[in-house]
Amino acid sequence: MERRALGTTGADVTAVGLGTWEVGSDWGEVSEAEGRRAIEAALDAGVNFIDTADVYGDGRSERLIASVLEEREEEPMVATKAGRRLDPHEAAGYTAENLERFIDRSRENLDAETLDLLQLHCPPTDVYYRPEVFDALADLREAGKIAHYGVSVERVEEGLKAIEYPGVETVQIIFNPFRQRPADLFFREAKRRDVGVIVRVPLASGLLTGELSADTEFPEDDHRNFNREGEAFDRGETFAGVPYERGLEAVEALRPHVPDDATMAQFALSWILSFDAVSTVIPGSTNPDHVRENVAAADRPAPNDAQMAGVRDVYEEYVFDAVHHRW
């Protein structure tokens with residue numbers, strides 16, 4: 001699989017990585033055995049970048065990753081996140097003491113002396129205007145508790161502010177055919193500053209698999225059921241912020257542009273990877289077959305000009321007004 005430089009970290013990561021939110025929580029019931037199989041399938045397929053967070057299942061995702069890696073020879077880069085354990089989740093809580101406490105817990109969960117990459121986990125916007133937060137991360141790197149640090153953001157403006165801090169080496173952001181705004185100014189600035197870009201929610205919570213319908217029922221503990229209006233966390237994390245019924249219409253409009261030899265998910269992933277500012281994309285799944293299909297997207301050719309134009313047309317007609325200026 002193609003590898004791409006992850007900013008200035010010195011790591012070359014696979015174009016398709018693995019996101020493990022589903023392994024931890026908020027996607028319905030997932031057994032530990034299912035979670036392990038998904039991680040193992042990704043490693044078997046050559047994935048060398050795994051993303052997690054300390055709140056995915058209250059550390060369950062981190063612990064499962066560590067358990068699988070203990071039995072394997074591979075040494076993928078494991079990125080985790082910190083900050084969302086704060087209750088209330090407010091900017092004032094992003095202190096050096098709290099960050100160190102969260103990081104120490106993740107080090108224990110991942111059985112790692114030094115975390116490969118630590119990302120602030122979608123903090124309140126005010127955090128990006130507090131240099132002392134980023135000074136604390138630099139101190140933790142100096143202490144050897146983290147090797148690199150970055151941010152996971154909700155909005156383009158937050159990403160642009162974060163990369164003004166020289167120690168920020170990566171930004172994780174939502175980007176897909178239904179969330180195209182990052183391809184404008186943010187991607188240009190990230191590339192100019194040699195910042196690694198990690199793309200999350202690439203399949204819009206399953207919308208861009210083309211397999212959901214108006215009759216699809218989601219479990220009670222699945223965020224696609226309980227967070228459609230942002231009741232639990234940022235609405236943009238669920239279906240990329242697109243109203244579900246409108247998203248289904250957009251999917252049908254997109255379907256004719258998908259090549260016959262690709263799934264819609266593979267087409268969406270290859271579209272994302274056609275942007276050279278992207279370092280890696282991290283689809284999540286607990287289905288090993290889906291994990292392998294996602295990885296295979298890295299070897300597909302980029303969409304041609306007509307397909308790119310078709311994606312843009314669908315975006316502008318169906319979802320632009322709902323999402324473009326919000327995130």
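Residues numbered from 1 in each chain as written. Predicted model: local features only at pLDDT ≥ 70, side-chain atom pairs only at ≥ 80, totals over all residues. Heavy atoms only, no water.

Colleague: Would you mind going over the side chain of T238 with me for this structure?
Modeller: You can see T238 is positioned in the loop between α8 (223-226) and α9 (244-254). Every residue in contact with T238, bar those within four places of it in the chain, is listed here: S205, H223, R224, N227, R228 and F233. (Helix = DSSP H or I, 4+ residues; strand = E, 2+ residues; numbered from the N terminus. Contact = heavy atoms within 4.5 Å.)

Colleague: Would you take a moment to explain the nonpolar core for this structure?
Modeller: Soluble globular proteins tend to pack their nonpolar side chains together in the buried interior. Core analysis: the biggest nonpolar cluster contains 92 residues, and L120, F134, V151, V171, F178 and F186 have the highest contact counts within it. The biggest single contributor to this core is helix α10 (residues 264-273), with 8 residues. The contacts of F134, once residues within four sequence positions are left out, are L120, V127, Y128, Y149, V151, Y165 and V168. Core analysis: the next-biggest nonpolar cluster, separate from the first, contains 9 residues, A11, F49, I198 and I282 among them. (Core = buried A, V, L, I, M, F, W, Y, C linked by side-chain atoms within 4.5 Å. Buried < 20%, exposed > 50% of the residue type's maximum accessible area, 1.4 Å probe, protein only.)

Colleague: Help me out: how do you make sense of the sheet that holds strand β5 (residues 77-82) in this one?
Modeller: Read from one edge of the open sheet, 8 strands run β3-β4-β5-β6-β7-β8-β9-β10, paired in parallel fashion. At either margin of the open sheet sits one strand with a lone partner, and together these are β3 (18-19) and β10 (280-281). (Pairing = 2+ DSSP bridges.)

Colleague: Just to check I follow, could you spell out the pattern of salt bridges for this structure?
Modeller: It is possible for side chains of opposite charge to pair when their charged atoms get near one another. Evaluation of the coordinates by the stated rule reveals 26 salt bridges. Put simply, R200 and E237 hold a salt bridge, and the shortest N to O gap is 2.6 Å. Taken together, the positions of R200 in strand β9 (residues 196-200) and E237 in the loop between α8 and α9 put the pair 37 residues apart, joining distant regions of the chain. We classify E237 as buried; its relative accessible area is 8%. The salt bridge involving R292 is made with D289; its shortest N-O contact spans 2.6 Å. On the criterion of helical spacing, the pair formed by R292 and D289 is a turn pair, its members being 3 residues apart in helix α11 (residues 288-296). For R292, a relative accessible area of 43% puts it in the partly exposed group. Classification of D289 as partly exposed rests on a relative accessible area of 44%. Each of E100, D104, R107, E113 and K145 takes part in salt bridges that share partners, so that together they form one network. (Salt bridge = Lys/Arg side-chain N within 4 Å of Asp/Glu carboxyl O.)

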